[in-house]
Structure formats: structure tokens, C-alpha cells
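Residue-level structural notes
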Amino acid sequence: MVVQLLLWLIAGFLALVTLFMILPVRVAMSLQNDPANRATVLVRPFGGVSPQIAVYDSSRKSKPKAAVTRKRAQRKKSAGKMRAPGNFVTEVVVLVRRVLCAIHIEVLRVDADFGLGDPADTGQLFGQICPLIYASGGHVNLRPDFGEPCLRGNIIAQFRVIPVALIWPFIGFGWQVFGPFR
């Protein structure tokens, strides 16, 4: 009886994990720095039918600084031991492109002002990002400020991603960078 109950619990857990991996996860992000700096990330797994889970909220209190600095020091020590192969940067670009193809943007609203201090640099940057503004498919209102260096505004983005679709890009990345032929 106990073994049968345990097997049913394991089967239920595996069913939940499978559903989580194959159903879309909806993510809502909000960034603002006008009137105050705030960032939030909310996740709704299982196709968006579950309640929202707050993954990140900048208005929450952070961890004590001592614990964070110890973890960073440990990461720096371990990061020096790994050595990346020659095509690492190329493979990272391919990975980012494949991951972005798996993300489907549903809502994108940007209302922001930006400036670099030099009017020529500001105009050049605005000209370079104009194709991205018009290709995004969202409501993007980006205004260059030629008078002063600044970055202020609000961004709201909602997108969905199927977690199992992210597995193959990472497996391919690992194979290309750390595989048997490297």
C-alpha cells in the first residue's frame, strides 16, 4: 500500500514536470526609471493558467552584502580555471540567436528618452536602432535627446517560451564548444 502510494506520487510529480516542460511559460517584465527605478519579472507556468509567480522585484530588500561578495569571490576563483576554445564567441552568438528564436514576444511597449551627450553620437545611435524599432512589432516610442546624456522611460514586455525548446540550443552549444572534437 505504501509502495503503491509512493509510485503514484512519483508518477504525479513526473507528470507535472512534463507538463511544465511542454506547455508555454508566460513571462511579464516591467522596467522603469522615471519617476523611480523599479524592475519586476512575473512568471506564469503551465500555459499561463497558474497564478503569477514573482521571480524578481527590485523593491524587495536584497541579501546582506557579505554573503554576496563571498559568492562572487568564489566564482572568480573558479572562472579562472576554465579555458574557452577558439570559437567560443561565435558559438555564443549562435546560442543567443537560437534562444531568441524560441521566445515569442506578445506585447512590447517602450516609452523612453535617451541621449549620449554628443548630438552626433546620439543621432548615429538612433539611426542604427531605427530598423530594430520598426521590426519589433511593438509600440516603441524612443526619443533621442540631443541636449544631455540620459536614459529614462518605461518598458513593458510580455512573451512566452516553451522550456523544452530551449534544451536543444544549449545541447548544441555544449557540443560545439566542449564536444569531443575540441
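For the structure, see preceding data.
**Details of unusual backbone geometry**
One non-glycine residue, Phe-46, lies in the positive phi region at around 60°. With a relative accessible area of 25%, Phe-46 lands in the partly exposed category.

**Overview of helix α4 (residues 119-135)**
Look at α4: 25 Å from first C-alpha to last across 17 residues, which is about the 24 Å you get at 1.5 Å a residue. The axis of α4 is deflected most strongly, by about 40°, at Ile-129, and proline Pro-131 appears within four residues downstream. Those residues of α4 lying buried are Thr-122, Cys-130 and Ile-133. Phi turns positive one or two residues past the end of α4, at Gly-137, with a value near 80°.

**Description of the pairing of strand β5 (residues 139-144)**
Both strand β4 (residues 103-115) and β5 contribute to a ladder of six bridges, which runs parallel. Along β5, the bridge assignment pairs Arg-109 with His-139. Running through α4, the crossover from β4 to the neighbouring parallel element β5 is right-handed.

**Observations regarding the pattern of salt bridges**
Scanning all chains against the criterion turns up eight salt bridges. The closest approach of N and O atoms between Glu-106 and Arg-160, which form a salt bridge, is 3.2 Å. One end of the pair, Glu-106, is in strand β4; the other, Arg-160, is in strand β6 (residues 150-161), and 54 residues separate them in sequence. For the salt bridge of Glu-148 with Arg-152, the shortest nitrogen-to-oxygen distance reads 3.8 Å. Overall, the relative accessible area of 39% leaves Glu-148 in the partly exposed class. Connected through salt bridges with shared partners, the residues Asp-111, Asp-113, Arg-143, Asp-145, Glu-148 and Arg-152 form a single ionic network.

**Quick word on the packing of helix α3 (residues 88-102) against helix α5 (residues 167-178)**
At a minimum axis distance of 9 Å, the contact between α3 and α5 shows a crossing angle of 170°. In terms of their interaxial angle, α3 and α5 are classed as roughly antiparallel. Touching Phe-88, Glu-91, Val-92, Leu-95, Arg-98 and Val-99 of α3 are Pro-169, Phe-170, Phe-173, Gln-176 and Val-177, all from α5.

Basis of the calculations
Within any chain, residue numbers begin from 1 and follow the written order of that chain's sequence. Confidence filtering applies because this is a predicted model: local features only for residues at pLDDT of at least 70, side-chain atom pairs given and counted only at 80 or more, and all residues used for totals across whole chains, interfaces and linings. Only heavy atoms go into the side-chain values, all of them from the structure, while hydrogens and water stay out. Type-normalised accessible area, obtained with a 1.4 Å probe on protein chains alone, sets the label of each residue: buried when under 20%, exposed when over 50%, and partly exposed for intermediate values. Helix and strand definitions here come from DSSP, where helices need a minimum of 4 consecutive H or I residues and strands a minimum of 2 consecutive E residues; each element is numbered from the N-terminal end. In this analysis, the expected span of each helix is defined as 1.5 Å times one less than the number of residues it contains. Fitting axes to the seven residues that end at a residue and to the seven that start at it, the angle between those axes gives the bend at that residue. When DSSP finds two or more bridges between a pair of strands, those strands are recorded as paired. The handedness of a crossover follows from its direction of travel: if, with the strands pointing away from the viewer, the path from the first strand over the helix to the second runs clockwise, the crossover is right-handed. For salt bridges, the criterion is a side-chain nitrogen of Lys or Arg within 4 Å of an Asp or Glu carboxyl oxygen. Axis definition: a line fit to C-alpha positions, over the contact stretch in the case of helices; interaxial angles, taken between N-to-C directions, run 0 to 180 degrees. With respect to orientation, any angle under 35 degrees is reported as roughly parallel, any angle over 145 as roughly antiparallel, any angle of 65 to 115 as roughly perpendicular, and every other angle as oblique. Contact definition: two residues touch when any of their heavy atoms are within 4.5 Å.

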